[in-house]
Amino acid sequence: MSCALLLLLMSLALAMGTGAAVEIQRPRGVPLSKRQFYEENKPFTCLDGSSTIPFDRINDDYCDCRDGSDEPGTAACPNGSFHCTNAGFRPAFIPSSRINDGICDCCDTTDEYNSGATCQNTCREMGRKERESLQIMAEITKEGFMLKQQLIHEAKRGQEDKQGKLTELQGSKKGLEEKVEALRTVKETAEDPEKEAKERHLKSWEEQKELIRMEKDKTRMAEAFLELDDDADGYVSVAELQSHLELDPDSDGSLTETETQGLLGGADKVDTSTFETVWSGIKDKYLSEGLSDPPAPVETPQEEETRDFVSDPDSDHYPEDYAGEEEDVEDDEEDDHEEEEEEKVPPTVQTPEKRADDEVSMPPYDTETQSLIDAAQKARDDFDEAERALREVDDQMKNLEKEIGFDFGPSAEFAYLYSQCYELSTSEYIYRLCPFNRVSQKPKFGGSETNLGLWGQWAGPEDSLYSVMKYDHGQGCWQGPNRSTTVKLTCGKETVVTSTSEPSRCEYLMEFTTPAVCQEPASLDEVLQGHTEL
Amino acid sequence: FNSMCVCALRRQRALSLLSQDENGVVLSLGADSQRLIVSAKPFRLDIMEGREVLLSLNSRGLLAFEHLRILEDGMWEETFKSHTDSKPNGPSSISLDFSLPGVENVYGIPEHADSLKLKTTDGGDPYRLFNLDVFQYEVFNPMALYGAIPVMLSHSAQRTMGIFWLNAAETWVDISSNTAGKTVFGQMLDYVQGSSETPQTDVRWISESGIIDVFIMLGPTPTDVFSQYASLTGTQAFPPLSALAYHQCRWNYNDQEDVAAVDQGFDDHDIPYDFIWLDIEHTDGKRYFTWDPHKFPQPKDMLQGLLDKRRKMVTIVDPHIKVDSSYKIHNEIRSKGFYVKSKDGGDYEGWCWPGNSGYPDFTNPEMRAWWASMFAYDQYEGSMENMYTWNDMNEPSVFNGPEVTMHKDALHGNWENRDLHNLYGFYVQRATAEGLIERSGGVERPFVLARAFFAGSQRYGAVWTGDNAAEWDHLKISIPMCLSLGLVGVSFCGADVGGFFKSPSTELLVRWYQTGAYQPFFRAHAHLDTPRREPWLFGPENTALIREAVRQRYALLPYWYQLFYHAHHSGQPVMRPLWVEYPQDTATFSMDDQFLLGRDLLVHPVTEEGARGLTAYLPGKGEVWFDVHTFQKHNGAQNLYIPVTISSIPVFQRGGSIIPRKARVRRSSSCMEHDPYTLFVALSPKRFAQGELYIDDGHTFNFDKHKQFIHRRLFFANNALSSRNLAPGSQFTTFSWIEKIVILGASKPSKATLKTPDGKESLLEFDFDASMSVLTLRKPGVNAGVDWTVVLQ
């Protein structure tokens, strides 16, 4: 009500063309609301009641009142304040220390009445600008609020969809679980006969293999005997065996006569049949004298192969681990991918071929066994597929539950931001905000991405919790904290990151506009009136 | 040693010969029955007054002089970690001992993070003087820091003397004392039994190279020693008034918007400040004299914005120059041959903020003249008259050099860095200060802050205690560190408020503001990796506490300015240990948790975490002190327990003094220029008081060149307070007037009459607070530059 009256006064003043002249008489720096306390030519009581002084001590450039109320228009009181009317703009209080300090604070210039500072009255211009920007803001708010309604609607629908999907998934999960159990039984039933048949097949193969091995061993023994029996007298003597230093039991580099005798079971020489017992003691170490002959024992190449198989990925790992230490984490991740791929390939291809070279391969399964195996394999495949399907449903449910569980604001108006990302390009970096997920920064001209924080929580003040997002636990800083980002949300028609800064080391600030924070607008008239008192 | 010169500087005349025999001579030092006895075998010098030996040189025979000799294996090349010192001249150190009979207290030889009273070094490391960029220095340690002033003061109840060992090479000082090891019981036993031994302190100085060049200052009072030393190295530069106000710094204010936001933050929270600082990140790739084109695209707009609020800025200009052929400063220095050379004759290069860097040879006067010319407004693009300079890293800091400094065999012309190392920083600051003077055509006083310094650095600006830490011990040590500097000429000293490394607790930050507000150079600073700590970031209550501390500083600026005028005039320190004013009060000799500002203010800041109270020593038998906040009167010569709260800053005004303040604290000191004064008259028990008032334009040399200043003596005697001109030859007009006079320890008058030179008399209204005996005279209104008298009846 008083607003309307004041506006009337102002327009009256304008009509008369003498702006300030109509100002209601009161001591300099006193707001209208306190005019009644400053009654002309009557003793003045300090507003805190601490003392009463003659009226001519008001604004006499000496501070008499403890609360500064006697010097509203001078800088005399350290705790005083000065009221500028700022006709055309917004009235304001400034600390009285800013009166006549040579700096224009009030747009109506009234604070610099005796300092020599030349101030321009900018109130009308500022008022115009403010009205313009308020108008723009009001329009934005209006449109933004409409968009927000839409967002709320969509979110609600989305939420319902998700809930529906979840229920649906719960249903199909149950079916899948049952299916998995049924197929598990089928699989286990099929696997038992398969196992038996395979074992049978393997056992007969093992026996056959053992025969072959013994045959080979015998051949080798005979060859060795001939080789050792240098004088071809039908006996292997101590002297003949002694040249085989590799058989030295204490590995001291010399094979003494006693040691050799020991190898020959205490005898000076042995014939072919006794050599059989000797052979079993020395065959693992024995090296053929014929240089061109390959090392004989059957097992050896297999061992080497196994060793190779184990050590291969090891040697692959090493240089990558090393590189990882020097480079950033992101690079590491890339390397890991490559590594996995490499690992998969070589051993599976090489091993069977190599085996085939040195060993007689197992004969194929007979048709009966093979059909059991095929049946079991099919049951396994069916089971695996069902299990995979169940896992997928589980994952989907988890994701849905997570999304449904997020705090997307009082009316889920922020839900549309989920799984979206917004970028802002500055001179040096591209900043990326993925709401409810993470904030990151990537140098424009090469270099790896830096994690500036993972979704933490809503962090606005009590009365507007949903105006600030906090992302924390980003990449660590040297000697400092982990990076974190505060995202300030303001009302806008569009969803955009408008600015970023790093006010403190590794603490980032991001400004983000979204319709989701737009408040129901007051009517434009209300807005303008609220800001334009006389 | 045949070139020894013994001179009595004070009197500027030859010494007269009193007597002579084949083993020596006795010379008269002029008045005061002072004699110098020179003995040949063994060689020693004794300075006597009457029958007393004041000081002996070489009485312990530690004089050593490693003359130049032919190359000997093992004594030349020397390796420290991965660094090799070629030592082309071999060992060249010098040494001499001094004995001080009757002396138990020695002070000075900054810079060390140690107690004010120097400790004996028996069984430990000597005090080391070698300018170094020390990373996270330790307190209570004789290790070398950023600056070196080879001046030691000795003090006893009888006499104060000084030793100035003029040598800029690496220097070590050993101190031993015959009483230091004794327990209190032992000392008492000596006293009871009448021990024959008088206390004595022995000091030994060792320098790595150079000549023995020693000045002995005989005092006898502390004031005498200060002026004797000032006659040798000059006095404190008189800073612009605003430099005594509050400085807001941080590594780094990120960009122009950040600067504008912090500036606005001070206004929004009604906290005054005068300077905002930009650290190295403001430059284009650490190329000093340039601006980062993205963060600071319009430096003049930014500076104009500050100027519009009557505020100022400091930008950093370090002495390491990026080796970069597209950088003008580097190209010019290289083409002029102004870089320090390595031992092989090429330009010396080292690693610092910009990466590979050259180091201009500031010992070369031509280099300094060129450097100074780079501060001209048309050379330093984007600079304006409200922009001043900070020289950091001027030890010099060389990240990959031995002990993070320059190789000792690097060459400055014919001199090795070894010979003049501790002077490098001095010359950097000098060349910069001269540049700031030149850019204004010799009109404006410069302001330059430097980290490294040497004897005489006081002539060029301010220093700070370097990269301290946000710890209570570092707050405590700021007091003895600045007191030690003040004793040897450098009054304009401060520590980073809040602590540079680490993050202070809110309590520590508040206490540091309260302490810093009463130390000469008052600047908050913080490391790049610490969270922001502008004063309003700790809740409204702490903002209010910090605001109050800063406001106390601003209100007291007239007194600070006057103290600096005196420091400039006569070399008296601004911040003083108590013993300087109470030289016979042995209780004060090792005090360094409280201090005096000038003669008249005693400050005991709270530097203990969680303090509920502290004990301050109020000196002066028969004197009184007034709490400046409550006006309560306390007797001198007592330990006074003071309960404290988080808002307490215990400060006392000496009875017998008059201190001018400006009660109207505004957003910057410039805004307060024309404001009126309030005089605080603290009466002595004999109802007497005196003080001064100094006023000039606050920023030019006109006070000196054209005698444009007001210097008045204020005195209260016989119930009358008067203002009289102390400098009749001077001329200056001020708008300021006397707003209020507060007389502490007064009795109630029946009337108060103001008399002005035009013969007018007027009655002053007054208010008397009987409980505190405080008389407040209302609005004398007389101009601060004229004669006047107020008579109380």
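These numbers come from a predicted model, not from an experiment. (Residues numbered from 1 in each chain as written. Chains lettered and ligands numbered in written order. Predicted model: local features only at pLDDT ≥ 70, side-chain atom pairs only at ≥ 80, totals over all residues. Heavy atoms only, no water.)

1. What to know about the overall build of chain B
And then number 1: A count of helices and strands for chain B gives 14 helices and 49 strands.
And then number 2: C-alpha extents for chain B along the principal axes are approximately 90 × 75 × 55 Å.
And then number 3: Within chain B, the fraction of its 793 residues that count as buried is 61%.
And then number 4: Taking contacts inside chain B between residues at least 6 apart in sequence as the whole, the part at least 24 apart equals 71%. (Helix = DSSP H or I, 4+ residues; strand = E, 2+ residues; numbered from the N terminus. Buried < 20%, exposed > 50% of the residue type's maximum accessible area, 1.4 Å probe, protein only. Contact = heavy atoms within 4.5 Å.)

2. Examining the UniProt feature "domain: Glycoside hydrolase family 31 TIM barrel" (unreviewed entry) in chain B
And then number 1: Sequence positions flagged by UniProt for "domain: Glycoside hydrolase family 31 TIM barrel" (unreviewed entry) are, in local numbering, residues 237-563 of chain B.
And then number 2: The annotated region residues 237-563 of chain B carries 34% helix and 13% strand content, and the separation between its end C-alpha atoms amounts to 12 Å. (UniProt positions renumbered as here; feature names shortened; annotations may be inferred.)

3. Quick word on the pairing of strand β35 (residues 624-627) of chain B
Residue and element names in this part refer to chain B.
And then number 1: By the alternation rule, side chains of β35 split into Val624 and Phe626 and Trp625 and Asp627, which are all buried.
And then number 2: Across three bridges, β35 lies against strand β36 (residues 633-635) in antiparallel orientation. What sits directly across from Phe626, in β36, is Lys633.
And then number 3: Hairpin connection between β35 and β36: a loop of five residues separates the two successive antiparallel strands, and Phe631 in this loop has a positive phi of roughly 70°.
And then number 4: In the sheet, β35 pairs with strand β38 (residues 651-654) via three bridges, with the strands oriented antiparallel. Within β38, the residue paired with Asp627 across the bridge is Phe652. (Pairing = 2+ DSSP bridges.)

4. Section: the environment of Gln793(B)
Residue and element names in this part refer to chain B.
And then number 1: Mapped onto the elements of the fold, Gln793 is located in the segment after β49 (788-792).
And then number 2: Gln793 sits 404 residues away from Thr389 along the chain, and the two C-alpha atoms are 53 Å apart.
And then number 3: In contact with Gln793, not counting residues within four places along its chain, are Pro749, Ser750, Lys751 and Thr753.

5. Concerning the side chain of Ser86(B)
All names here are of chain B.
And then number 1: For Ser86, the position within the fold is in the loop between β8 (83-85) and β9 (94-101).
And then number 2: Classification of Ser86 as buried rests on a relative accessible area of 18%.
And then number 3: A distance of 2.7 Å separates the side chain of Ser86 from the side chain of Asp409, its partner in a polar contact.
And then number 4: Among all residues touching Ser86, those that are not within four sequence positions of it are Trp76, Glu77, Lys343 and Asp409. (Polar contact = N/O pair within 3.5 Å; in protein donor to acceptor, adjacent residues only side chain to side chain.)

6. Notes on the domain arrangement of chain B
Residue and element names in this part refer to chain B.
And then number 1: Here chain B is described as being made up of domain 1 (16-233), domain 2 (242-558), domain 3 (578-653) and domain 4 (676-792).
And then number 2: Using only C-alpha atoms to locate each centre, domain 1 and domain 2 end up separated by 32 Å.
And then number 3: Facing the 47 residues of domain 1 at the interface are 47 residues of domain 2.
And then number 4: When domain 1 packs against domain 2, close to 4,000 Å² is buried across both sides, 60% of that on carbon and sulfur atoms.
And then number 5: Three residues, Asp133, Tyr146 and Ala168, lead the burial of domain 1 against domain 2; their summed loss comes to 16% of the area buried on that side. (Domains from an automatic or database assignment. Buried area = accessible area lost by both parts, 1.4 Å probe.)

7. Considering empty space enclosed by the protein
All names here are of chain B.
And then number 1: Scanning the model with the defined rule gives six cavities of 30 Å³ or more in all.
And then number 2: Counted as a void, the largest cavity has a volume near 70 Å³.
And then number 3: In this structure, the largest cavity is lined by 16 residues; those nearest its centre are Thr235, Gln236, Gly489, Gly571 and Gln572.
And then number 4: Elements with a minimum of two residues in the lining of the largest cavity: α2 (222-233) and α9 (472-487).
And then number 5: If one sorts the elements of the lining of the largest cavity by residue count, α2 sits on top with three residues.
And then number 6: Per-class residue counts for the lining of the largest cavity are seven nonpolar, nine polar and no charged.
And then number 7: Looking at which domains feed residues into the lining of the largest cavity, each of domain 1 (16-233) and domain 2 (242-558) supplies at least three. (1 Å grid on protein atoms, 1.4 Å probe; cavity = no way out; pocket = protein on both sides within 12 Å on 5 of 7 lines; lining within 4 Å. Points joined across faces, edges and corners; volume = space filled by probe spheres on them. Nonpolar A, V, L, I, M, F, W, Y, C, P; charged D, E, K, R; others polar.)

8. Details of unusual backbone geometry
And then number 1: Between Gly219(B) and Pro220(B) the backbone carries a cis peptide bond, its omega angle lying at 10°.
And then number 2: Relative to the helices and strands, Pro220(B) is located in the loop between β16 (214-217) and α2.
And then number 3: Positive phi values are uncommon outside glycine, yet Asp61(A) reaches one of about 65°.
And then number 4: Note on placement: Asp61(A) falls in the loop between β2 (52-53) and β3 (81-84).

9. Points about the sheet that holds strand β18 (residues 275-278) of chain B
Residues and elements named next belong to chain B.
And then number 1: One open sheet holds the nine strands; their spatial order is β28-β27-β26-β23-β19-β18-β17-β30-β29, and the pairing between them is parallel. Two strands close off the open sheet at either side, each with one partner strand: β28 (493-494) and β29 (496-497).
And then number 2: Where strand β23 (residues 387-391) and strand β26 (residues 448-450) come together, three bridges link them in parallel fashion. Residue pairing in the sheet places Trp390 in a bridge with Leu449 of β26.

10. Describing the state of the cysteines
And then number 1: Counted by the stated rule, this structure contains nine disulfides over all chains.
And then number 2: In this model, Cys491(A) is linked to Cys518(A) through a disulfide, with the two sulfur atoms separated by 2.0 Å. The chirality of the disulfide connecting Cys491(A) with Cys518(A) is right-handed, given an S-S dihedral of about 95°. With Cys491(A) in strand β12 (residues 484-491) and Cys518(A) in the loop between β14 (507-514) and α9 (524-531), this residue pair connects regions lying 27 residues apart in the sequence. Each member of the pair, Cys491(A) as well as Cys518(A), is classed as buried.
And then number 3: Summary of cysteine pairing: Cys352(B) is not part of a disulfide, and the nearest cysteine sulfur, belonging to Cys249(B), is at 17 Å.
And then number 4: Note on Cys671(B): no disulfide assigned, nearest cysteine sulfur contributed by Cys104(A) at a separation of 11 Å.
And then number 5: Using a relative accessible area of 5% as the deciding quantity, one classes Cys671(B) as buried. (Disulfide = S-S within 2.5 Å.)

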